[in-house]
Amino acid sequence: MVRYIIPYIFLYLFYLPFRILPYRACLVYGRFLVRLLYPIAKKHRKIAYDNISYAFPDYSEEKKKELVWKSFLHIGDLLAGTLFAPRLSRKWMDKYLVYDAESLAIEQKTIQDGVGVVLISGHFGTWEILVQFMGIRMKGGGIYKKVRNPYVNRLIHKLRSKNGIKLVSTEESSQVTKMLKQGYWVGFGSDQNAGKVGIFVDFFNRKASTYQGPALMAYLTGAKMLLYSVLCGEGGKVMVRVKDLGFVDKSAFSDREAAIRHYTEVWTKALEEEVKLYPEQYFWVHRRWRTKPGDFPGQI
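Residues numbered from 1 in each chain as written. Predicted model: local features only at pLDDT ≥ 70, side-chain atom pairs only at ≥ 80, totals over all residues. Heavy atoms only, no water.

Draft legend 1. Region of the structure containing the overall build of the protein. Tallying secondary structure elements over the protein gives 11 helices and 9 strands in all. Here the protein has a C-alpha radius of gyration of 19 Å; the compact-globule value for 300 residues is 19 Å, and the two agree. Along the first, second and third principal axes, the C-alpha atoms of the protein reach 55 × 50 × 45 Å. A total accessible area of about 15200 Å² is found for the protein, and carbon and sulfur atoms account for 56% of it. If the 46 positive side-chain charges of the protein are averaged to one point and the 27 negative ones to another, these points end up 9 Å apart. (Helix = DSSP H or I, 4+ residues; strand = E, 2+ residues; numbered from the N terminus. Rg over C-alpha atoms; globule rule 2.2 N^0.38 Å. Areas by Shrake-Rupley, 256 points an atom, 1.4 Å probe, with all protein chains shown as cover. Lys, Arg positive; Asp, Glu negative; His and termini not counted. Charge placed at Lys NZ, Arg CZ, Asp CG, Glu CD.)

Draft legend 2. Molecular detail of the side chain of T291. Along the chain, the position of T291 falls in the segment after α11 (256–277). A polar contact is formed between the side chain of T291 and the side chain of N193, at a distance of 3.1 Å. When sequence neighbours within four positions are dropped, the list of residues in contact with T291 reads N193, G195, F200, K207, S209, F296 and Q299. (Polar contact = N/O pair within 3.5 Å; in protein donor to acceptor, adjacent residues only side chain to side chain. Contact = heavy atoms within 4.5 Å.)

Draft legend 3. Region of interest: the pattern of salt bridges. In the structure shown here, the tally under the stated rule is 15 salt bridges. Of the charged contacts, one joins R137 and E107 as a salt bridge, the two residues approaching to 2.8 Å between their closest N and O atoms. Of this pair, R137 sits in helix α7 (residues 127–137) while E107 sits in helix α6 (residues 101–113); the two residues are 30 residues apart in sequence, bridging distant segments of the chain. Residue classification places R137 among the partly exposed positions, given a relative accessible area of 27%. Exposure remark for E107: the relative accessible area of 1% places this residue in the buried category. For D202, the salt bridge identified is with K207, shortest N-O distance 3.0 Å. When its relative accessible area of 49% is taken as the criterion, D202 is described as partly exposed. The network of salt bridges with common partners includes K269, E272, E273 and K276. (Salt bridge = Lys/Arg side-chain N within 4 Å of Asp/Glu carboxyl O. Buried < 20%, exposed > 50% of the residue type's maximum accessible area, 1.4 Å probe, protein only.)

Draft legend 4. The layout of surface pockets, seen in detail. Size it by volume and the second largest pocket reaches roughly 380 Å³. Lining the second largest pocket are 20 residues, with R31, D77, C232, G233 and Q281 positioned closest to its centre. Those elements giving two or more residues to the lining of the second largest pocket turn out to be α2 (23–37), α4 (61–84) and β9 (238–246). Classifying every residue of the lining of the second largest pocket gives 8 nonpolar, 5 polar and 7 charged. (1 Å grid on protein atoms, 1.4 Å probe; cavity = no way out; pocket = protein on both sides within 12 Å on 5 of 7 lines; lining within 4 Å. Points joined across faces, edges and corners; volume = space filled by probe spheres on them. Nonpolar A, V, L, I, M, F, W, Y, C, P; charged D, E, K, R; others polar.)

Draft legend 5. The arrangement of the packing of aromatic side chains in detail. Here the structure, examined in full by the defined rule, presents 25 aromatic pairs. Look at Y38 and F72: their rings are 5.1 Å apart centre to centre, the planes differ by 80°, and that puts the pair in the edge-to-face class. With Y38 in the loop between α2 and α3 (42–55) and F72 in helix α4, this residue pair connects regions lying 34 residues apart in the sequence. The same class applies to Y38 and to F72, which are both buried. Relative to Y96, the ring of W92 lies with its centre 5.2 Å away and its plane at 35°, an arrangement referred to as tilted. With a gap of 4 residues between them, W92 and Y96 both fall in helix α5 (residues 90–96), about one helical turn apart. (Phe/Tyr/Trp six-rings, centres within 6.5 Å; stacked < 30°, edge-to-face > 60°.)

Draft legend 6. Main features of a nonpolar patch on the surface. Residues M1, I5, I9 and L13 make up a contiguous nonpolar surface patch of roughly 370 Å² in combined accessible area. You can see L13 is positioned in helix α1 (residues 2–20). (Patch = residues over 30% accessible without salt bridge, like charges linked within 9 Å, V, L, I, M, F, W, Y side chains within 5 Å.)

Draft legend 7. Summary view of the pairing of strand β6 (residues 199–203). Summarising burial for β6: 4 of the 5 residues are buried, a large majority. Relative to strand β7 (residues 206–210), β6 is paired through 5 bridges, and the arrangement is antiparallel. If you follow D202 over to β7, its bridge partner there is K207. Two successive antiparallel strands, β6 and β7, enclose a turn made up of 2 residues, where F204 displays a positive phi of approximately 50°. (Pairing = 2+ DSSP bridges.)

Draft legend 8. Summary view of a positive patch on the surface. Taken together, the side chains of R24, K91, K95 and K237 present a region of like positive charge at the surface. With respect to the helices and strands, the residue R24 is situated in helix α2.

Draft legend 9. Spotlight on the pairing of strand β3 (residues 140–144). Counting buried positions along β3 yields 4 of 5 residues, so the element is predominantly enclosed. Note that β3 and strand β5 (residues 185–189) share 3 bridges and pair parallel. Across the sheet, G142 pairs through a bridge with G187, a residue of β5. In this sheet, strand β4 (residues 166–169) lies alongside β3 in parallel orientation, the contact comprising 4 bridges. In the sheet register, G142 faces β4, and the bridge partner there is L167.

Draft legend 10. Summary view of α3. End to end, α3 covers 20 Å across 14 residues, agreeing with the expected 20 Å (1.5 Å per residue, within 8%). If you check which residues of α3 are buried, you get I47, A48, N51, I52, S53 and A55. Those residues of α3 hidden inside the fold are in contact with α4 and β7. (Expected span 1.5 Å × (residues − 1).)

Any functional reading would require information that these geometric values do not contain.
Written out as structure tokens, the structure reads:
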């Protein structure tokens, strides 16, 4: 068990300042850490540069490199938001959360309707803050992948569920359909590479293997689909943008596969449009396009 305890201690010591410092100080500290790591993060800088080059082929070399730098600075904000997020309260939200009128109206009406919601987000903005305020603002649920280290797994589960969100592991995914039918808002961060289990849809000028989960759950349960972007703003503000993607219209498609592909394309395109507005806040360092058509025979 020593091999688990030592990494846990290091992780907890790393987390400790974010548990103590005021919110604005956490943001400064997060960027400070990233500035320290940036010079040695050559591999991840290259991944970000390559991804940005595909996504924005018309950008000059100078603009691409500038976006790489800004996206790394944003990782500092993301780190701060992620580790501060368990301390969120209604008082904090009243001070820092900013909604535009349309987004607030969509959220309030959906809550009043009492329907289950497939809440789709991406590795974009400060997404862990979204996880936390889902537990405060609505009947929130989330899916998480267990970590092998039992101490780290227990800590992550405790932090993520701090504000009342109901978590289920990927091994208990059958619970998601029950939750949606019971009116839960279940969050899906589904824009990572889906490997051989995904379907290929267009995302920033390339085919990307994409998880079918959000569209499938909406299809099976009749839940509403909402796309959330939770973005870092000036002075520590957090901007919340909501796009109503509606319900699955089964009658418009010949079979389930066609419907799922269509709605997967819909939410992926909606996310792409959001990222284009705030490209520095996308997580360009992840290998979103690692799986390519032809890597796995039979994949569509």
